[in-house]
Amino acid sequence: MDIKQVEFCVSSSKISQCPKDRRAEYAFIGRSNVGKSSLINLLANNKKLAHTSGKPGKTQLINHFLVDQEWYLVDLPGYGYAKVSKTSRHKFQKMIEDYILERENLVNLFVLIDSRIPPQKIDLEFIEWLGENEVPFSMVFTKIDKLKNNQLNKNLKVYNKTLLEAWAQLPMQFSTSAETGAGKAEILSYIHQINQQL
Ligand code: GTP
Ligand code: MG
């Protein structure tokens, strides 16, 4: 189920600027530098589609990419980047929150988590907020090429144990690497499955 064609559509700072059609969209969120833009490029087979950077805070707007004329991949700015002023952090937060709560096209949000580190308060709080607002989401553990398999499994176990303290059920989860392509087929097939049910 590979993607055949992807084109950049628009960068928006608020949802009134987002595409006006009713196509389904899948957005990617998570801490700055977790690998959102890189994952979108992996899914789209195009390393230059979404801009990536070694420095956090690269993506600053809501970016829509139209896939096969049928649905959108949406790259969002990261949260939790300490090196921006309070005002601009607040602005980003509002942009992300409005998008997630109000964008009717959004059918699933992928929450990206760095697979190398223990559960972070900011991610757990964000996931809790999604739950409170009944936002449909899945989780993606990124950068798994940087870990040995047994370490990855250990980290996932710790993460899920933490999640199960607050949740009765675990959300759908993926493990990915923008370097090796791991997880790409699984995410695309999940998206296609949802698209077919719409
Ligand atoms: P912001 O736009 O700043 O919020 O960041 P982002 O989440 O879009 O991250 P981005 O895709 O720009 O990647 C950040 C850095 O992590 C870049 O240096 C990427 O090359 C690197 N990176 C992303 N995904 C992977 C991965 O799967 N494996 C490895 N080894 N590096 C990755
Ligand atoms: Mg980015």
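Scroll up to find the structure.
All residue numbers refer to positions counted from 1 along the written sequence of the respective chain. Chains and ligands are labelled by the order in which they are written, letters from A for the one and numbers from 1 for the other. In view of the model being predicted, local features appear only for residues whose pLDDT reaches at least 70, and side-chain atom pairs are presented and counted only at 80 or more, with totals across whole chains, interfaces and linings using the full set of residues. With hydrogens and water excluded, all non-hydrogen atoms of the structure serve as input to the side-chain values.

A.B. asks: When you look at the coordination of the magnesium ion (ligand 2) in this model, what are you seeing that I'm missing?
C.D. replies: Six octahedral donors around a metal ideally sit at 90 or 180 degrees from one another, while four tetrahedral donors ideally sit at 109.5 degrees. Because no water is among the atoms considered, metal sites can look incomplete, with donors defined as N, O and S atoms within 2.8 Å of the metal, or 3.2 Å for Na, K and Ca. Looking at the magnesium ion (ligand 2), one finds its protein donor set to be S37 (OG) and T59 (OG1), positioned 2.0 to 2.2 Å from the metal centre. Here S37, found in helix α1 (residues 36–44), pairs with T59, found in the loop between α1 and β3 (62–67); they are 22 residues apart in sequence, far enough to count as distant. The residues S37 and T59 share a single accessibility class, namely buried. Secondary structure elements are defined from DSSP: runs of H or I of at least 4 residues count as helices, runs of E of at least 2 residues count as strands, and each element is numbered from the N terminus. Only protein chains enter the accessibility calculation, which uses a 1.4 Å probe; a residue is then buried when its area is under 20% of its type maximum, exposed when over 50%, and partly exposed in between.

A.B. asks: I keep staring at the environment of V6 and nothing clicks. Help me out?
C.D. replies: For V6, the location among the structural elements is in strand β1 (residues 6–12). Taking the C-alpha atoms as reference, V6 lies 22 Å from V111; in sequence the two are 105 residues apart. What V6 contacts, discounting residues up to four positions off in sequence, is A44, L49, F65, L66 and V67. Two residues qualify as a contact provided that any one of their heavy atoms is within 4.5 Å of a heavy atom in the partner residue.

A.B. asks: Just to check I follow, could you spell out helix α2 (residues 86–102) for this structure?
C.D. replies: Every helix has an expected span of 1.5 Å times one less than the residues it contains. Between the first and last C-alpha of α2 there are 24 Å, a value that for 17 residues agrees with the 24 Å anticipated at 1.5 Å per step. What α2 keeps buried is the set S88, F92, M95, I96, Y99 and I100. When α2 is viewed along its axis, its buried side chains cluster within an angular range of 120° and face the same direction. Exposed residues lying more than 90 degrees from the buried face of α2 are K86, T87 and H90. Structurally, α2 contributes buried residues whose contacts are with β1, β2 (25–30), β3, β4 (71–75), β5 (106–114) and α3 (121–132). As used here, the arc belongs to the directions running from the helix axis to the C-beta atoms.

A.B. asks: Any chance you could explain the environment of H192 here in plain terms?
C.D. replies: Mapped onto the secondary structure, H192 falls in helix α5 (residues 184–197). Of the residues examined, H192 reaches a relative accessible area of 14% and is grouped as buried. For the pair H192 and V84, spaced 108 residues apart in sequence, the C-alpha to C-alpha distance is 37 Å. Each residue touching H192, except ones within four places of it in the same chain, is listed here: M1 and W71.

A.B. asks: I keep staring at empty space enclosed by the protein and nothing clicks. Help me out?
C.D. replies: Gaps between atoms show up when a probe of the same size as a water molecule is rolled over them. Cavities and pockets were defined on a 1 Å grid built from protein atoms only: a cavity is a group of points that admits a 1.4 Å probe but offers it no way out, a pocket is an open group of points flanked by protein on both sides within 12 Å along at least five of seven lines, and a lining residue is one with an atom within 4 Å of any such point. Grid points are joined across faces, edges and corners, and a volume is the space filled by probe spheres set on the points. Counted by the stated rule, this structure contains one cavity of 30 Å³ or more. Approximately 30 Å³ is the volume found for the largest cavity. In terms of lining, the largest cavity is formed by D114, S115, I117, F141, N155, L156 and Y159. Per-element tally for the lining of the largest cavity: the top contributor is helix α4 (residues 149–164), with three residues.

A.B. asks: Help me out: how do you make sense of the packing of α2 against α3 in this one?
C.D. replies: Each pair of packed helices can be described by the angle between their axes along with the distance between the axes. Following both chains from N to C, one finds α2 and α3 inclined at 35°, their axes separated by 11 Å at the closest point. The two elements α2 and α3 meet at a crossing, and its hand is right-handed. Of α3, the residues touching α2 (which contributes E97, I100 and L101) are F126, W129 and L130. Of the residues in the contact of α2 with α3, the class split is five nonpolar, no polar and one charged. Here, axes are lines fitted to C-alpha atoms. For helices the fit covers the stretch in contact, and angles between N-to-C directions go from 0 to 180 degrees. A clockwise turn of the near helix away from the far one marks a right-handed crossing, whereas an anticlockwise turn of less than a right angle marks a left-handed crossing. Classification used: nonpolar for Ala, Val, Leu, Ile, Met, Phe, Trp, Tyr, Cys and Pro, charged for Asp, Glu, Lys and Arg, polar for all others including Gly.

A.B. asks: Whenever I open this one, the layout of surface pockets confuses me. Can you help?
C.D. replies: Here the largest pocket defines a volume of roughly 640 Å³. As for the largest pocket, its lining consists of 32 residues, and the residues nearest its centre are G35, S37, S38, T52 and A178. It is α1 that contributes the most residues to the lining of the largest pocket, six residues altogether. There is about 450 Å³ of room inside the second largest pocket. Y79, G80, Q93, I122 and F126 are, among the 20 residues lining the second largest pocket, the residues nearest its centre.

A.B. asks: Before we go on, may I ask you to explain the side chain of S177 in this structure?
C.D. replies: Mapping S177 onto the fold places it in the loop between β7 (173–175) and α5. Polar contacts involving the side chain of S177 include one to the main-chain amide nitrogen of E179, which spans 3.0 Å. Excluding anything up to four places from it in sequence, S177 contacts L42, I144, D145 and A182. Distance and chemistry together define a polar contact, namely a pair of N or O atoms within 3.5 Å, with one atom able to donate a hydrogen and the other to accept it when in protein, and with adjacent residues in sequence counting only for side-chain atoms on both sides.

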